[in-house]
Amino acid sequence: MFRKILIANRGEIAVRIIRTCRRMGISTVVVYSEADADSMAVEMADESVLIGPAPASASYLVADKIVEACRATGAEAVHPGFGFLSENAGFAQRLADEGIVFIGPNPHAIQAMGDKIESKKFAARANVSVVPGHVGEIEDTAHAIRIAEDIRYPVMIKASAGGGGKGIRVAWNRQDVEEGFPAVRAEAKASFGDDRIFIEKFIESPRHIEIQVLGDKHGNVVHLFERECSIQRRNQKVIEEAPSPLLDAATRAAMGAQAVALAKAVNYDSAGTVEFVAAQDRSFFFLEMNTRLQVEHPVTELITGVDLVEQMIRSAWGEKLAFRQEDLSIKGWAMESRIYAEDPYRGFLPSIGRLVRYSPPEEGEVEGGAIVRNDAGVREGDEISMYYDPMISKLSTWAPDRIAAIDAMGRALENFHIEGLGQNIPFLAAVMDQDRFRSGELSTAYIKDEFPEGFQGTAPDAFQKDLMTAVACAVHRAIAGRAAGGRLRNDWVVIGAGEHRPVLIQTMDEGLKVDILDEGRAISLGQVDWRPGLPVFRGVVDGRAFACAVQPAAEGYVIRHRAATRRILVLSPRSAQLHDMLPPKTAADTSKLVISPMPGLVVSLDVEAGQSVRSGEQVAIIEAMKMQNIIRAERDGVVKAVLVASGASVAADEVLIEFG
């Protein structure tokens, strides 16, 4: 077995690979950019090598630097993780030429299947059903428009070397192609160093289902069943699960057999994923093959008990697969939620900054026999950089059945607390609570269908109103009790969203009894785990365990449980009367300002002082985490001042342009 492996990646996947290598007794080397010098992966690895500045194009994408690091450390093999050089056939061949083992498929398999254009040609020759599209070279935007109109809208514009949701746009009309084609080409060049694009028909309301395959160097290939990856936003997977609630045994077997046949046709000898687009009637088409480890591999590991990183290493060493297809079976159900540094309340725009607080749920077996797993490459105090993918961690749960796995995920998300930047935990929790998601009626348009106006949280249900009332009373009693020396009145009015609840509070062991006076009932709060200063309040309300976030506000407390947030005030009856007489605050007038919706880099400024601009015209492009965001004027007007320069870094809500 290998003595030393170099990991040509960063973040959570580097940490994930290190953990398996430790268990196998293999030493690890991590390469890192200047932005990752203090990262968790660098801290955990046995050795580390600086390979350049923050931009991936100057560090993680430079094959020469990876090879030099192998020579300097004596690493015998390279695990590329996912992204960066993981699907680069030239890199795999370069390592082979240098006598270094690539822990992934052979260069021929990568060349045949890793390239999205070539893989479709190969699949068509192998009589695999593929989605209609243009798989040749596309010269320019005008050529892209002709192709799109021949195929007929909607179409998908996609980077040939793409992956991880990067370099993909859906075009519904000519204007979408005019804007989307150059944007996808720029994203592809920046993310993958390859600006080739292909266009295919976009199938409306499909499901995205993928088959995990695993091969060795002796011609053996098996599949490890499917993953459902239909919950996507901007073609980026958000929630994955295994198995799929759509498939029956016959469809699962057919998909698996087709994936294995395709892998065998190119002598596939590592972990890889064959992706399909499936209709609700269970018909399916080959989409592409990812010749690498997938981000969502933990759900497959949870239902099969197979460590895919270990199997990749063993296959690269030359070992035969230790199991046959008939030895594999599905055990239980697994969910994965991707925790992203993005603000769901601002259209999911990237949110960069420091993890002021980072408190994930406890891993391992939890109440009810479920299992919680959190794959992360960050710690409290780390910074989420604008240069890389916005993922903070991958939270996974396993349980005997799908609903139990969803419920376990909901509880795990409750117990996940992050401060310092925007993050999508409330959104993920909202999906877990939706009846449609719980029913398994999914499609890749799910988020667009269920949140057509964007995400603004959810209204608290009856249980959450009681929870927020009880928590606000407990927090207020603890804080006010300190100031009053423990002498507190018991009658209060709890105000939230204009609703008044007169209450009577009685102290009990480890909690409170809160009588709702005008409803003739009481709320029981017990097993309280909180003290002033803690951001998370845990307890049991009327027999149901919960965790919620609590923050002090200028008035009262902001309490969030899952996707429901309210500012709650606890006032004396007289103060509540007076509070109702206060005039409402008026929002500041920002109609003459163009404001950056996210932190990032100003890629371009398209206007200057004195220029007339019409509503809808492009005025700037802001880039963060390899995503470009086009800023448009929201009104007609004349530019009074341009307040930033091209190439400058800007914060969210920073004023870019002012109109006269």
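That block above? That's the structure.
Definitions and cut-offs
Residues numbered from 1 in each chain as written. Predicted model: local features only at pLDDT ≥ 70, side-chain atom pairs only at ≥ 80, totals over all residues. Heavy atoms only, no water. Phe/Tyr/Trp six-rings, centres within 6.5 Å; stacked < 30°, edge-to-face > 60°. Helix = DSSP H or I, 4+ residues; strand = E, 2+ residues; numbered from the N terminus. Buried < 20%, exposed > 50% of the residue type's maximum accessible area, 1.4 Å probe, protein only. Lys NZ or Arg CZ within 6 Å of the ring centre and 35° of its normal. Polar contact = N/O pair within 3.5 Å; in protein donor to acceptor, adjacent residues only side chain to side chain. Contact = heavy atoms within 4.5 Å. Pairing = 2+ DSSP bridges. Disulfide = S-S within 2.5 Å.

Chemist: Outline the packing of aromatic side chains, supporting the account with residue identities and numerical values.
Modeler: Scanning the entire structure with this criterion turns up 16 aromatic pairs. Their ring planes at 15 degrees and their centres at 4.9 Å tell us that tyrosine 60 and phenylalanine 84 sit as a pair that is stacked. Highlighted residues: tyrosine 60 in the loop between strand S3 (47–52) and helix H3 (63–73) and phenylalanine 84 in the loop between strand S4 (77–79) and helix H4 (89–97), separated in sequence by 24 residues. Residue class for phenylalanine 84 comes out buried when judged on its relative accessible area of 16%. Within the aromatic cluster, the residues linked to one another by ring pairs are Tyr345, Phe348, Phe427, Phe451 and Phe455. Positioned above the aromatic ring of tryptophan 492, the side-chain terminus of arginine 489 is 5.9 Å from the ring centre. Lying across the ring of phenylalanine 463, arginine 544 places its NZ or CZ 4.0 Å from the centre.

Chemist: So what's going on with the side chain of lysine 237? Residues and values would help.
Modeler: Structurally, lysine 237 is set in strand S12 (residues 236–242). Owing to a relative accessible area of 10%, lysine 237 belongs among the buried residues under this scheme. A polar contact of 2.8 Å, which involves the side chain of lysine 237, links it to the side chain of glutamate 210. Polar contacts involving the side chain of lysine 237 include one to the side chain of glutamate 275, which spans 3.2 Å. For lysine 237, the residues in contact, after removing those within four places along its chain, are His208, Glu210, Cys229, Ile231, Gln232, Glu275, Gln294, Glu296, Arg338 and Tyr340.

Chemist: Tell me what's going on with the sheet that holds strand S33 (residues 593–595), and back it up with residues and numbers.
Modeler: Taken in spatial order, the four strands make up an open sheet running S33-S40-S38-S35, and their pairing is antiparallel. Taken across any chain shown, the strands that pair with only one partner, and hence form the sheet edges, are S33 and strand S35 (612–613). Taken together, the three bridges between S33 and strand S40 (residues 655–659) define a ladder with antiparallel strand orientation. Bridging across to S40, valine 594 finds its partner in isoleucine 657.

Chemist: For the environment of alanine 278, give the residues involved together with the corresponding values.
Modeler: Mapping alanine 278 onto the fold places it in strand S13 (residues 271–278). The exposure class of alanine 278 is buried, given its relative accessible area of 2%. Sequence spacing of alanine 278 and valine 31 is 247 residues, and the spatial spacing of their C-alpha atoms is 39 Å. Residue contacts for alanine 278: discarding those within four places in its chain leaves Pro206, Arg207, Ile209, Leu246, Met255, Ser283 and Phe284.

Chemist: Run through unusual backbone geometry, naming residues and quoting values.
Modeler: A cis amide bond links tyrosine 153 to the next residue, proline 154, at an omega of 0 degrees. With an omega dihedral of -5 degrees, the bond running from alanine 242 to proline 243 counts as a cis peptide bond. Note that proline 243 resides in the loop between S12 and helix H9 (249–265). Positioned with a positive phi, arginine 152 is a non-glycine residue whose angle comes to about 85 degrees. One can find arginine 152 in the loop between helix H7 (141–151) and strand S7 (155–163). For arginine 152, a relative accessible area of 61% puts it in the exposed group. Of note, the phi angle at aspartate 653 is positive, near 75 degrees, even though the residue is not glycine. Tracing the backbone shows aspartate 653 in the loop between strand S39 (649–650) and S40.

Chemist: Summarise the state of the cysteines; cite the residues concerned and give the values.
Modeler: One way to say it: the disulfide is the covalent bond shared by the sulfur atoms of two cysteines. By the definition in use, this model includes zero disulfides. Looking at the unpaired cysteine 70, the closest cysteine sulfur is the one in cysteine 21, lying at 13 Å. Look at cysteine 70 and you get buried, because its relative accessible area is 3%.

Chemist: So what's going on with the environment of glutamate 414? Residues and values would help.
Modeler: Of note, glutamate 414 is situated in helix H12 (residues 402–414). Under the relative-accessibility criterion, glutamate 414 is labelled buried at 8%. C-alpha of glutamate 414 to C-alpha of glutamine 311: the two residues are 103 residues apart in sequence and 34 Å apart in space. When near neighbours in sequence (up to four residues on either side) are disregarded, glutamate 414 contacts Phe546, Ala547, His561 and Arg562. A polar atom in the side chain of glutamate 414 sits 2.8 Å from the side chain of arginine 562.

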